[in-house]
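# What the coordinates show
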Amino acid sequence: MEDGCRAVRRAVELARIAFTSEELERLCKEASRIAEYLASVGEAVKGLDVEPLYHVWEEEGGLRDRIEDRRVPLESFLPPERLDGEGRVKVPWREVK
Amino acid sequence: MRKLKTAYELVEAYRNGSLDPVEHAWRVIEEIGRWEGRVNAYITLEAPEAIIIQAEEARERYRRGEHRPLEGVLVAVKDNISTSFMPTTAASRMLEKYIPPFNATVVERLVRAGAIVVGKTNMDEFAMGSTSEFSAFGPVRNPWDLERVPGGSSGGSAACLAYGGCDLSLGSDTGGSIRLPAAYTATVGIKPTYGLVSRYGLIPYGNSLEQIGPMARSVKDAALLLEVIGGWDPRDSTSLRIDPPKLSNLEPLEPGEASLCVPREMVEGSEEPVAKVFWNLMGKLESEGFEVLEASLPEVSKALPAYYIIALAEAASNLARYDGGLYPREDVEAGDYWRHVAEARARGFGWEVKKRIVLGSYALSEGYRDEYYIAATKVRRLVRDAVLRLARKCIIASPAAPILPPRLGERITDPLLLYAMDVYTVVANLAGVPALAMPAGFSQGLPVGVQFMAYRLGEDLLVRLGLTVEEMTGLRGVAAGEG
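Scope of this entry: the structure provided in the associated data block. (Residues numbered from 1 in each chain as written. Chains lettered and ligands numbered in written order. Predicted model: local features only at pLDDT ≥ 70, side-chain atom pairs only at ≥ 80, totals over all residues. Heavy atoms only, no water.)

### Section: the environment of B:Pro252
Residues and elements named next belong to chain B. Along the polypeptide, Pro 252 turns up in the loop between helix H7 (219–229) and strand S8 (260–263). Note: C-alpha distance between Pro 252 and Arg 380 (128 residues apart in sequence) is 33 Å. If sequence neighbours within four positions are ignored, Pro 252 has contacts with Glu 257, Arg 464, Leu 467, Thr 468 and Glu 471. (Helix = DSSP H or I, 4+ residues; strand = E, 2+ residues; numbered from the N terminus. Contact = heavy atoms within 4.5 Å.)

As structure tokens, then:
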């Protein structure tokens, strides 16, 4: 990781995780060392004409053509006061007073 | 060495009336009571009364001749596999009170096959680890040596098998998380072909790499469990459109039916005791008439960093859903939205998970994406193509892990040393091919495992070879502790 801790701090922002300054210091050390090691993959494909592979069975992957209709009944995980009796859910903070 | 009945033998004994499912259930409950305080293999255990009631129902079904394939067999389920009747925490504080409103497909299939779920097993948080020490519920210990780790991340599923706290178990394998624990506990684990087993209901870590798979005390048991959980599931778009595999009645592999090859890159870095046990087994196979060839897979030298980049990138994306809203935390005050999210994630996740999310975000971020993520996916293509080329010709053999089970705390202080434990196992996940880990022998009283990889959907070949190896080693049904 060329720019060390600055790049880690940027990634921390993207990751939306709060760290104390001591934790951040430890994270910088560990993450920089790991990132340096991981960057070695670039060498393996340098100058090679290789397409990325995102799915091992690329020729068979794809969206399903049929969606199973299996619903979880609302009453199995919501208390009765959250149900309006017509299959809809009451949102407490939207209730008209 | 202590030996326990395999699941297959249990079903036979229930069927012919020589063993009562209730009597066996009590025996397993007693084993759990004897070991669990020291091993910590389970996060949640079913109440003994509930297990016994189900065992009584199983007894009735046997009496009526209406038994199903796993009737009365006690199965432990890794705690990242959704169960509507027990909490599913993924060993994280983030999900400590979460009870899913649905069952994973594999759990539905288990229950339909008559299995009794005894509990949810301990693991590395969100399956991120190789030792089962990164759990919010404390580390798992290896029943063969309580000062050592059982491997991870499915360490609980392996440890409870090894001490007799269940008959079968389910694990998940993103980069070796079934095979490493199997190797370290003298049990058997299969990482199925990508897409053979439904991932519906598996709390995701690295979607393009992971599979749920069987763990057992014998190859035939693992095959039986894979037969039950495998096959197409319309709820998982990555599941292959194939019927459940037929694996439980196969014959051992005979010399001449297939040859084995050993890529030097997948043995050279092994500790001496591991290499010795591995080559000893290869020698036995050769003396039985099997052809064991030396091979080379230079592409695998970059498999480990490529695997970690892909896994971390997918993890960063998958774990973005834990924002303190959908899975709320009571200890975080409401307020500014982004601060709330960052606080909830800081308190809910453990250190290793946070580190991996940050690294994954880094690998996907502007300016670094090509250097890390795209480069890793290109290496993945090279590895997959090389593995498929070799696997067309032979079954690929290697040690399952380069080292003996480490002591607790020995590896987790150095992340690169920790990641290196997966060096032989990540290859199968990158390539999507099936891999079997099973006992090869013992060194210094500790289990040493062997790994076999086959061409895609070659699980039948692996099971047949596994049966042959099991006959040679005599390590079917072994368990830790005094007999």
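### Quick notes on the packing of helix H9 (residues 303–318) of chain B against helix H11 (residues 351–364) of chain B
Residue and element names in this part refer to chain B. The interhelical angle for the contact between H9 and H11, taken along N-to-C directions, is 100°, at an axis separation of 7 Å. When the axis of H9 is compared with that of H11, the two are roughly perpendicular. Contacts between H9 and H11 involve Tyr 308, Ile 309, Leu 312, Ala 313 and Ala 316 on the former and, on the latter, Arg 356, Ile 357, Leu 359, Gly 360, Ser 361, Ala 363 and Leu 364. Looking at the contact of H9 with H11 residue by residue, the class counts come to nine nonpolar, two polar and one charged. (Axes fitted to C-alpha atoms, helices over the stretch in contact; angles between N-to-C directions. Parallel < 35°, antiparallel > 145°, perpendicular 65-115°, else oblique. Nonpolar A, V, L, I, M, F, W, Y, C, P; charged D, E, K, R; others polar.)

### With respect to the side chain of B:Arg345
As for its placement among the helices and strands, B:Arg345 is situated in helix H10 (residues 337–348). Notably, B:Arg345 is buried but unbridged: the nearest opposite-charge side chain belongs to B:Asp323, and the N-O separation is 7.3 Å. When neighbours within four sequence positions are excluded, B:Arg345 is seen to be in contact with A:Ala15, A:Arg16, A:Ile17, B:Met94, B:Leu319, B:Ala320, B:Tyr322, B:Lys354 and B:Ile357. (Buried < 20%, exposed > 50% of the residue type's maximum accessible area, 1.4 Å probe, protein only. Lys, Arg positive; Asp, Glu negative; His and termini not counted. Salt bridge = Lys/Arg side-chain N within 4 Å of Asp/Glu carboxyl O.)

### Details of the interface of chain A and chain B
Contact with chain A, which involves 48 residues of that partner, is made by 62 residues of chain B. Between chain A and chain B, roughly 5,100 Å² of surface is buried when both sides are summed, and carbon and sulfur atoms account for 65% of that area. Across the chain A-chain B interface, the total number found is two salt bridges. With a shortest N-O distance of 3.2 Å, A:Arg33 and B:Asp414 are connected by a salt bridge. Scanning the region where chain A abuts chain B turns up twelve residue pairs in polar contact (both at pLDDT 80 or more). The set of elements that each furnish at least two residues to the side of chain A that touches chain B consists of helix H1 (4–15), helix H2 (21–38) and helix H3 (41–45) of chain A. The element contributing the most residues to the side of chain A that touches chain B is H2(A), with ten residues. (Buried area = accessible area lost by both parts, 1.4 Å probe. Polar contact = N/O pair within 3.5 Å; in protein donor to acceptor, adjacent residues only side chain to side chain.)

### Points about the sheet that holds strand S5 (residues 168–173) of chain B
All names here are of chain B. What the eleven strands build is an open sheet, ordered S2-S4-S3-S5-S7-S6-S11-S12-S10-S8-S9; its pairing is mixed. Each of the sheet's edge strands pairs with one partner strand only, and the pair in question is strand S2 (42–45) and strand S9 (292–295). When the angles between neighbouring strand axes are averaged without regard to direction, this sheet yields 30°. Sheet topology note: the strand S3 (residues 74–78)/strand S4 (residues 116–121) ladder contains five bridges and is parallel. Paired with Leu 74 across the bridge in S4 is Ile 116. On the sheet, helix H12 (residues 370–393) packs against S8, S9 and strand S10 (395–399) and is oriented at approximately 110° with respect to S10. (Pairing = 2+ DSSP bridges.)

### A closer look at the packing of aromatic side chains
Residue and element names in this part refer to chain B. If you walk through the whole model with that rule in mind, you get 18 aromatic pairs over all chains. For the ring pair Tyr 98 and Tyr 327, a centre distance of 5.3 Å and an interplane angle of 90° mean the geometry is edge-to-face. Within this pair, whereas Tyr 98 is found in the loop between S3 and helix H4 (105–112), its partner Tyr 327 is found in the loop between H9 and H10, the two being separated by 229 residues in sequence. Each member of the pair Tyr 98 and Tyr 327 is classed as buried. Relative to Trp 279, the ring of Phe 278 lies with its centre 5.2 Å away and its plane at 65°, an arrangement referred to as edge-to-face. (Phe/Tyr/Trp six-rings, centres within 6.5 Å; stacked < 30°, edge-to-face > 60°.)

### Concerning the pairing of strand S6 (residues 188–191) of chain B
All names here are of chain B. Taking every second residue as pointing to the same face, both faces of S6 are buried, with Val 188 and Ile 190 on one and Gly 189 and Lys 191 on the other. When S6 meets strand S7 (residues 211–216), the two strands line up antiparallel, connected through two bridges. Looking at S7, one finds that Val 188 is bridged to Ala 216. Note that S6 and strand S11 (residues 435–443) share three bridges and pair antiparallel. Its bridge partner being in S11, Gly 189 is matched across the sheet by Ala 437.

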